[in-house]
Amino acid sequence: MKGNEAIARAMIASGTDGYFGYPITPQSEVMETLMAEKPWETTGMVVLQAESELASINMVYGGAATGKKVATSSSSPGISLMCEGLTYIAGAEIPCVVMNAMRGGPGLGTIQPAQSDYFQSTKGGGHGDYQLYVMAPASVQEMYDFVFDAWDIAFKYRNPVLILTDGAIGQCMEKCYTRDYIPRWTEEERRQHAPWGCWGKPATRDHNIITSLELESSRQEVFNQKLQKKYAQMKEEDVRYEMLNCEDADYVFVAYGTSSRICMKSMELARAKGLKVGLLRPITLFPFPTKQVAELAKKVKGMLCVEMSAGQMIEDVKLAANCQIPIEHYGRFGGIIPTPEEVLEALEEKIIK
Amino acid sequence: MTEEIIIAGFGGQGVLSMGKILAYSGVMEDKEVCWMPSYGPEQRGGTANVTVIVSDERICSPIISKYDTAIVLNQQSLDKFEKSVKPGGLLIYDPNGITKEPTRKDINIYKIAATEKAQEMGISKVFNMVVLGGFLKLKPIVGSEFIHKGLEKSLPERHHNLIPQNEEAIELGKGLIEAVQVL
């Protein structure tokens, strides 16, 4: 199945209660698949095309505030529109899942794959000291699996989870093992999983209030400290990454998503030439695998960050490696995907020399 | 075994579906596969191409620039992808509408007059299967029983009555392919 289709099918299978979206290339197949599957007839999941991205993210806010599993998806320009909603959702501590199939920017840009929304995804997007938990799938199977994982994380932390992908993974078709359907939560289960939710006030407790507003700055500081504690816990407990051929590597590529797949091929080409090259693939972009980069930086002679951007993740890699070794960026952007050959060439020119 | 293939031609020639049937057949034989279409404005320009990778191992990049096999069905695609075939690789083309023949000396070149034959027999709809047959004759990367399963999987059920016709076209293609240059 296609990557976009995998996201949609995983939403249904993971017991998602609602999807609110607005079509945009290259991820329109998400809603197309949902509409074709008609989950409202089987699981009772609501699928609705909103009138805009602003409407969809606010429908997500509203739906998720009741403790339901609510999701949306879009592509770069649409996500920019959603950023206001995302900071409100993060500020109100509401779990939800959002997928961004990145395309070339800035502005409307192109519709081809890009990875130029790393800053937006991991360093803000909206205002305020908030973080999204950001997962970067690199295959159709991961597109599927990460939706399930995203729900666990979203409810563990009461925090929005962003699945950050691009048109290449969304459009390509690969083998994908599906899972058994997890039933949507019953009313009773929902109350257990989301005791904070606005699902009706029993006589036994006060009102649950969902808001991101606090006029008393001392209380807002305490709230911010709580958020920071949550993000620190994510860094401690839920960093994910993959390392390939790093044990004996002299040089490593650092790349995520589509770029990591290209680097796998470049690595194969390099190994065939006798160069000891490995790959570190961050799976979570926030929390970033900082410790792993730092450890590798003690062992290898250099790193090449490969991104379909002008160089965004490289900042986190450099911070983690703390100037111990040469670290360079190689990227194509605006919707161009680098070839494995040119990535290897860049490694040889910029790092190996 | 890893086979990296590009299939390219005009929209409507069944390029994407040929790739899909090959990819599904690979899945049925429990291989790793990747099917990556061109999408967006280049697709809307009238030409279509798809990369298909079939492998026994985990597939690296879905986007590649060098191919083991290029199957090209019009002049533009021949011009574009002849140079992307790996040395020693395979180029298959349909001579229909080709004015500039391939020139490389370091690859295997075969032609298959599928357009002409399909028109003659009134089976234009399965033209792409004729081409697929030609390819499978040279590189039987998936077994024919799995091609059958792949057809079942990729064709909607209401078209399953057409599977025998598709399989006949594949067989026809196996006999139709001819060598132009063999290393």
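Residues numbered from 1 in each chain as written. Chains lettered and ligands numbered in written order. Predicted model: local features only at pLDDT ≥ 70, side-chain atom pairs only at ≥ 80, totals over all residues.

Looking at helix α1 (residues 15-28) of chain B
- For α1(B), with 14 residues, the first-to-last C-alpha span of 20 Å sits near the 20 Å given by 1.5 Å per residue.
- Phi turns positive, to about 65°, at Asp30(B), one or two residues after α1(B). (Helix = DSSP H or I, 4+ residues; strand = E, 2+ residues; numbered from the N terminus. Expected span 1.5 Å × (residues − 1).)

With respect to the packing of α1(B) against helix α5 (residues 127-138) of chain B
All names here are of chain B.
- At a closest axis distance of 9 Å, the pairing of α1 and α5 adopts a crossing angle of 50°. What the angle tells us is that α1 and α5 run oblique. In this structure, α1 meets α5 at a crossing whose hand is right-handed. Mapping the contact onto sequence places Ser17, Met18, Ile21 and Leu22 in α1 and Asn128, Val131 and Leu132 in α5. (Axes fitted to C-alpha atoms, helices over the stretch in contact; angles between N-to-C directions. Parallel < 35°, antiparallel > 145°, perpendicular 65-115°, else oblique. Left-handed = near helix turned anticlockwise from the far one by under 90°. Contact = placed C-beta atoms within 7 Å.)

Some points on the domain arrangement of chain A
Residue and element names in this part refer to chain A.
- In terms of domain boundaries, chain A breaks down into domain 1 (3-188) and domain 2 (241-352).
- Between domain 1 and domain 2, the C-alpha centre-to-centre distance is 27 Å.
- Taken together, the contact between domain 1 and domain 2 spans 25 residues of the former and 21 residues of the latter.
- When residues of the side of domain 1 that touches domain 2 are traced back to their parent elements, those giving at least two are α6 (118-122), β5 (133-135), β6 (160-166) and α8 (167-171).
- Considering every element that reaches the side of domain 1 that touches domain 2, the biggest residue donor is α6, with four residues. (Domains from an automatic or database assignment.)

Let's talk about the sheet that holds strand β7 (residues 173-174) of chain A
- Strand order in the open sheet formed by eight strands is β7(A)-β2(B)-β3(B)-β1(B)-β4(B)-β5(B)-β6(B)-β7(B), with mixed pairing between adjacent strands. Looking along the sheet, the strands with just one partner apiece sit at the ends: β7 of chain A together with β7 (178-181) of chain B.
- Note: strand β5 (residues 85-93) of chain B against strand β6 (residues 108-111) of chain B, four bridges, orientation parallel. Bridged to Leu91(B) within β6(B) is Ile109(B). (Pairing = 2+ DSSP bridges.)

Focus: the sheet that holds strand β11 (residues 284-286) of chain A
Residues and elements named next belong to chain A.
- Across the sheet, seven strands lie side by side as β2-β1-β3-β4-β6-β5-β11; this open sheet has mixed pairing. Only two strands of the sheet have a single partner each, and these edge strands are β2 (46-49) and β11. The average angle at which neighbouring strand axes cross in this sheet is 20°, direction not considered.
- Note: strand β1 (residues 18-21) against strand β3 (residues 70-74), two bridges, orientation parallel. Within the sheet, the bridge partner assigned to Tyr19 lies in β3 and is Ala71.

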